[in-house]
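Here are the chains, one letter per residue:
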Amino acid sequence: MSPLNDATRIALERIEQVASQLKTTLSASLTTSTAGTASLQNDPSGRLCIGGVCVDVVAAKAAEKVPAKTLLDVERQEVLEHLQWMMRKDILGQDMFLLVRPPGPLKRHLTMTYLHLTNREHEYVALHRDTSAESDLKQRREIVRESSSGGLTAQWIDGVAVRAAIEGRVLVIEGIEKAERNVLPVLNNLLENREMHLENGSHIIHPSRYDALLKANSKEKLDAWKLIRASDRFRVIALGLPVPPYPGSPLDPPFRSRFQVRYVDSQFEFGTRSWDELSSHALGQTLAELLVKLRDLVRTIKYTHEIQDQLAISSSEASNSSLLPQLPQTAISGISDLLTAFPSEAQDLGGALRRFWPATWAGNSLNNDQGQALQQLAAKFELPWDTALDVKPGRRSQYDLTNVASGQASFRSAAGPADVQVTLGSGSTSPLTSTDIGLYGQRFVHTPRYQDIVSHMAQAHALSKDICLVGPKGSGKTYAVMRFASLFGYEVETVHLFRDMTARDLLQRRRTRPDGSTFWEDSELVRAAVAGKIAVLDGLHWVRAGTVASLQRLLQDREIVMPDGSFLTSAENFDLMKETTGLSDADLNARGVHRVHPSFRIIGTSSVTLNHKATKQDMTWLTEEVGTMFQFIEVPAIGAAEETALLTELTGCPPAKLKQLLDFAAHFRQLAEGAGSGHETVLAKSTSLSTRQLLRICRRLAQYPDENLYATIHRTCLSPFLPQLARQALEEVLANSGIRKAEKNISYTIDQNSTILRLGDVTLPKYQLHENDGEARALIPHTAEGGPGFYDNEVHTRVMRDIAVDFSLGEHLLLIGNQGVGKNRLTDRFLELVGRPREYVQLHRDSTVQSLTIQPVVEGGVISYKDSPLVRAARKGRVLIVDEADKAPVYITSILKSLAETGEMALGDGRRIRPPPKDPRLIDPDRDVVIHPDFRLIVLANRPGYPFLGNDFFGAIGEVFSCHAVENPDARSELALLSQSAPAVDPEILFQLINAFGELRQAFDDGLVAYPYSLRELMNIVKHMQAFPEDSLDQILRNVFDFDVHRKEFFEVLVAALRKHGLNVSAVGFEAVKKGSAAGEKKLDMKWEQGRNKAPADIKGPKHGKEDDKPHVGGNQWAGGSGGSDTAGIGGRAGPYRLHKKGQPIVRLSDEQKNDVPEHIKEAAKQMGREALAKRLSEIKMSAHEATVYKEIFSNVRQEIRQLKVILEGVQAREKERTWLQNQTDGELDEGKIIEGLTGESSIYKRRGEETPEHGATQNKPKRLKFVFDVSASMYSYNEHDGRLGRSLEAALMIMESMQSLGDKYSYDIVGHSGDSEKIVFVAPGDPPKNEMERMKVLQTMSAHSQYCFSGDTTLKATERAIKDITAEDADDYFVLVMSDANLKRYGIQPATLGKIIETDPRVNCAMLFIGSFGEEAAMLTRTLPPGKAFVALRTPDIPKILREILTAGV
């Protein structure tokens, strides 16, 4: 029996053993505690007693600091036990640490219940990785204007720890495990000795020490000494999670030693509701019994995790892969509330539970073992779970929302109608029949999917729950929010999340007033909380989980402490405070207490895949803590029927074209869902076709019915930049859908007058500027036609025509292309023609959200903010050019998504860009920047992937833009361009260069060269030819190609391309560098005024030279130097062979000096070189014959090795991006902390570095690759038939040669399988062959196995073993590539069986590569095995391309 089954069985037995005992104990404890609590609450002596332990209850000086109510059922025995322990520690004056699992509000609720019962004031702080030890815990400075003198002064404001110590409050610190190193030690002396030195020069001292000093000195003297008494009632309660098993920072021993710990293992999931209350609740007996069974299931899952450590045979993740994910702490209370209000949801208990158990479907679904375990448990506890194992998205609710009116939401179900009281926003509600949504009048199309999503949201809203919408990109989450807000009368405040956002940014920002004083400004989230709006946390997947978790008190309790020390609390608590304190609203506000509007709701959104494999990095935001904060609602992808209805109703696309497009989209998406071969699935992974993109295509077709659908789809998919196999698959899908390429390209012309511009069949009005707007006129680009700026050509005119179509439809644009293809100039030319002024911003790796939106400046000591080009363009209706968008981190540029999609963006100074609302009264003139209807975005980026080293802007947010691929012009257009630029150059030479460059570009696409040569390089060559016609072509070409002077293999491709097209050049590459100027050219000389160059040493004869570790230049004694004579080295003369010493500077003699060597010396040097080669072969034990064989195999795959190196380097390069480290004490000034700098804080800098991962987080480890070769007898037997064994050996050598220079980023091994064994080790992990002979021995061993092994096939066992073995060590990614000859049918191996093994472990990217085939067997296997898991390579050159598809798709 598997470990999981053992764990489940033991857990079930344990539950059965304690069930009756637990019930009896719980019943008795409830009776006892009920009487006790009643007497406590009525005790006139002011003492609280629990089980004989009593504490005094005294009046509070600041009653608003006392929790307003208990948050737990104080009649429960386990609650009383914890409270009694806290009383004991309080009496002893000891600080407490509540260690609670699983994550959730219990630890905080227990603390607040204790503080309420004992009437204790408290200070609260939630820690996160951005918490500052000084300003957040001790003291911060604010610049204030003195009322007496009117001058500015820096005033110290006490932090939570200082206020609690002085005022005798309880300091509650939540999230201890989230603090970064060396933050909490600032409290050590305060905890141990009740002492702390403060930044303003004061000193808190122990109360007994202060009292002793006070007896001997006056209070005035102690005040003059700046001594402050710590209250003897000061206590600290720390709240945290156990680390491990949960991620986080381990406790610093000095800090830990100062606490008394209470481990609380949450056994009560129902909060304030007892089981007796539940059974007598309106749920009825059936639902109460159902929830009791569900509670037992949850406890079983929890106990299974606890005993797994005892049963597991290893500590690897694989041993835990079959465990069910734990339910969040709040799941059972949440589902009990749901079934109380909506009892029919019990008919699909699994579907209802998914709303509180996102770990089972968001990003990843349950694997087979987990599904079976859940089914067994459901059967054991007799739960109605028939449909719960169905993981298909879009499960329907049992209730449909039918009406919202007068504070009531009406639902319809099979059991009858249901009316539920709900809160409404401050605006007017829209009827369900309305087609207008949002404040800006967007159009809504009614569909069953949206009806179900909104019904789910309405149910959560009725239960006063916050919502998290989770679904893939383009599934309509934003529209669902707007629809919900429209129905319930809400105004929406959107908080656009980004990677650099801190927990403080979510609540308040620091600002300066016009007089220079500082203040805290509320964020959009806080504004929404106070005003009763919906706060949308857009993009939860962008931010760190700790940042989201910092809001858990707000979401769970509707309370939160602000950075300025003020406090938000729920409307209920606020009213209780007014009642108990007698204070008015204004009084409480003056004390920093503010009311959260009862209508306030939070809706989070996250774009992740559903029920598919997602990486750990994609799902880091969804921790167990975050799982307790929301009710999760699944937003499935749009279905075919709904999509058809949307496209028809919203676009008016011609029916024939729409049908073709939908047929294509259906076939395309089938590939993504697993209906295609490996090559076709690569297409689905390389590009997307969302509903948003289809809408854009249909709008074009509606406006221009004659538009060629083939070209439109290619443009949308950016086909020129797809991998070669993906492009082939795209052509096949288009052909199968009846979409054909136009017979010939249409040539478009440019015509214009003073009012209109015609680009072919597209007519645009010229932009009319106000005659006095000189600034705008200056911002219109100027590229003199025919001049140095831009040359009109057919290809670019065609692109401008397509851009004109998008402009007429109001689209924002994304232009992607290689370097030097003219993206910027093409854009400027178009804007010049249409007369549009532009603003410009160039992004780079150091770009931040703040730099994109505002530009802070300090004038006269006052911080003010100037509009960035983005804001100016949005406000004045200009075109914003965002250049080099791929160079900035994706999480920075992601803020452009909302701007392009909805017209909304939050600015760093508290303002926001927004479209003009339907009701102008909603515009806040001090805060709103109303976007101009003429505003457009044009984003420029390089193509994704190596060698550009940028980020995949298109893959992340490209779908919200209309995309255009800008390629190099065709040969005819290039000739016209070059002829205009260099009219004196022979057109025949120009044509030859154009063809040669075309050959090099194709070589780049094929992976033969690592650089995509563009029009820019070609233009620079012909400009040189025009200006200096006397220079030889060889020397001119070196200006471009010498970047790759050390890539000998590249120059082989280059020379072949040049000579193929009639350019007979030879002086390129390293040999040309060594030769210097071509023979016959005029010699140059240089005269030095001081001294003369030292002549090289005399030649005496070749030798190795003496060895040392020092650099040497010149001379003739030392080996490894440079510029010398006789010895082995670099850049010298007459040496026997090349030898470079690490750290040796390279100095080269001139060709003239090198050639000045006697012939007998040259011959001696050559002979010594031959002897050194023989010695090298002897050292690696390689014979001359073996060297010849090795060279023959190497020559066959030299080009493929080059390709594979380029591919692997490209995957490797993406790992090297560093991030901004914030809150530093040195580095560059963080523009977001200028105000903190004015107030005197020190941690106001940022600098580049490797981000320190959170403890327990996924580490960056090598990528692990395992290659499994077929060395069975059939490989040898049929080698003469199709060369399969030779191809296999070539593939092995290609892998070994390519991997040897890639450092520690990759760890690989090579194993084989045959009739003898499923695992034959050829290259062990971490021990690659070090030289040619070791690699040769690997090839010889592989060949020998195939020749002498017994017949048989162990492909299944070998694949299963490889997948199991590779995960034995930690890695970022796991790749298993199994090479086989597809001879499976002969041995009765079924494709379904192999397919199941391939997908055994979702962490491992396993694929089959068939390098031989009997008939069509290999092709058949690619169609029947899982998509993207099978490839055919009957030619060795195909293997690197397939490896590129596998690696890039997996990474």
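Shown above is the structure to which this text applies.
As the structure is a computational prediction, the values presented were derived from the model and not from experiment. (Residues numbered from 1 in each chain as written. Predicted model: local features only at pLDDT ≥ 70, side-chain atom pairs only at ≥ 80, totals over all residues. Heavy atoms only, no water.)

Enquirer: Can you tell me about the pattern of salt bridges, naming the residues and giving the values?
Expert: Overall, the coordinates contain 83 salt bridges when judged by the stated rule. Close ionic contact of D232 with R229 constitutes a salt bridge, the shortest N to O distance being 4.0 Å. Linking R872 and E839 is a salt bridge whose minimum nitrogen-to-oxygen distance equals 3.0 Å. With a gap of 33 residues between them, R872 in helix α33 (residues 869-876) and E839 in strand β32 (residues 838-842) connect regions that are remote in the sequence. Here E839 falls in the buried class, since its relative accessible area comes to 5%. Via salt bridges that share partners, E491, E493, K533, R912, R914, R927 and D928 belong to a single interconnected network. (Salt bridge = Lys/Arg side-chain N within 4 Å of Asp/Glu carboxyl O. Helix = DSSP H or I, 4+ residues; strand = E, 2+ residues; numbered from the N terminus. Buried < 20%, exposed > 50% of the residue type's maximum accessible area, 1.4 Å probe, protein only.)

Enquirer: Quick one: what's the story with helix α31 (residues 823-834), residue by residue and with numbers?
Expert: With twelve residues, α31 ought to run about 16 Å at 1.5 Å a step, and its terminal C-alpha atoms sit 17 Å apart, in line with that. For α31, the buried fraction is high: ten of the twelve residues fall into the buried class. Those residues of α31 lying buried are K823, L826, T827, D828, R829, F830, L831, E832, L833 and V834. Looking at the residues trailing α31, positive phi occurs at G835, about 75°. (Expected span 1.5 Å × (residues − 1).)

Enquirer: With reference to specific residues and values, describe the sheet that holds strand β7 (residues 170-174).
Expert: If you walk across this open sheet you meet the five strands as β4-β7-β11-β3-β12, and the pairing is parallel. The sheet is open, and its two edges are formed by β4 (122-126) and β12 (259-265), each paired on a single side. Ignoring strand direction, the axes of neighbouring strands in this sheet form an average angle of 15°. As defined by bridge partners, β4 adjoins β7 across five bridges and the pair is classed as parallel. When the sheet's bridge partners are listed, H122 is paired in β7 with V170. Its contacts with the sheet put helix α3 (residues 106-117) on β3 (95-101), β4, β7, β11 (235-240) and β12, and the angle it makes with β7 is roughly 170°. (Pairing = 2+ DSSP bridges. Axes fitted to C-alpha atoms, helices over the stretch in contact; angles between N-to-C directions. Contact = heavy atoms within 4.5 Å.)

Enquirer: I'd like to hear about the environment of R235, residue by residue, with values.
Expert: Considering the arrangement of structural elements, one finds R235 in strand β11. Placed 63 residues apart in sequence, R235 and V172 show a C-alpha to C-alpha distance of 8.6 Å. Residues in contact with R235, not counting those within four places in the same chain, are D90, G93, Q94, D95, R120, R169, V170, L171 and R194. One polar contact links R235 to D90, side chain to side chain, over a distance of 3.0 Å. Of note is the side chain of R235, whose polar atom sits 2.9 Å from the backbone oxygen of D232. (Polar contact = N/O pair within 3.5 Å; in protein donor to acceptor, adjacent residues only side chain to side chain.)

Enquirer: Give a description of the state of the cysteines that names residues and reports values.
Expert: Applying the stated criterion across every chain yields a total of one disulfide. Between C49 and C54 runs a disulfide, and the two sulfur atoms are separated by 1.9 Å. On the sign convention where negative is left-handed, the bridge of C49 and C54, at about 115° about the S-S bond, is right-handed. With a relative accessible area of 23%, C49 lands in the partly exposed category. In this model C717 remains outside any disulfide bridge; the closest cysteine sulfur is found in C963, 9.8 Å from its own. Residue classification places C717 among the buried residues on the basis of a relative accessible area of 1%. Classification of C963 by relative accessible area gives buried; the value is 7%. (Disulfide = S-S within 2.5 Å.)

Enquirer: Describe in detail the sheet that holds strand β22 (residues 534-538), supporting the description with residues and values.
Expert: Read from one edge of the open sheet, five strands run β19-β22-β26-β18-β27, paired in parallel fashion. This sheet does not close on itself; its edge strands, each paired only once, are β19 (492-496) and β27 (631-634). Averaged over all adjacent pairs, the angle separating strand axes in this sheet is 20°, with direction ignored. The pairing of strand β18 (residues 467-471) with β27 spans four bridges and is parallel. Bridging from a neighbouring strand, V470 pairs with E634 of β27. Packing against the sheet, helix α15 (residues 448-462) makes contact with β18, β26 (601-607) and β27, and its axis sits at approximately 175° to β27. Against the sheet, helix α16 (residues 477-487) touches β18, β19, β22 and β26, its axis set at about 165° to β26.

The quantities given are spatial measurements derived from coordinates; they are silent on function.
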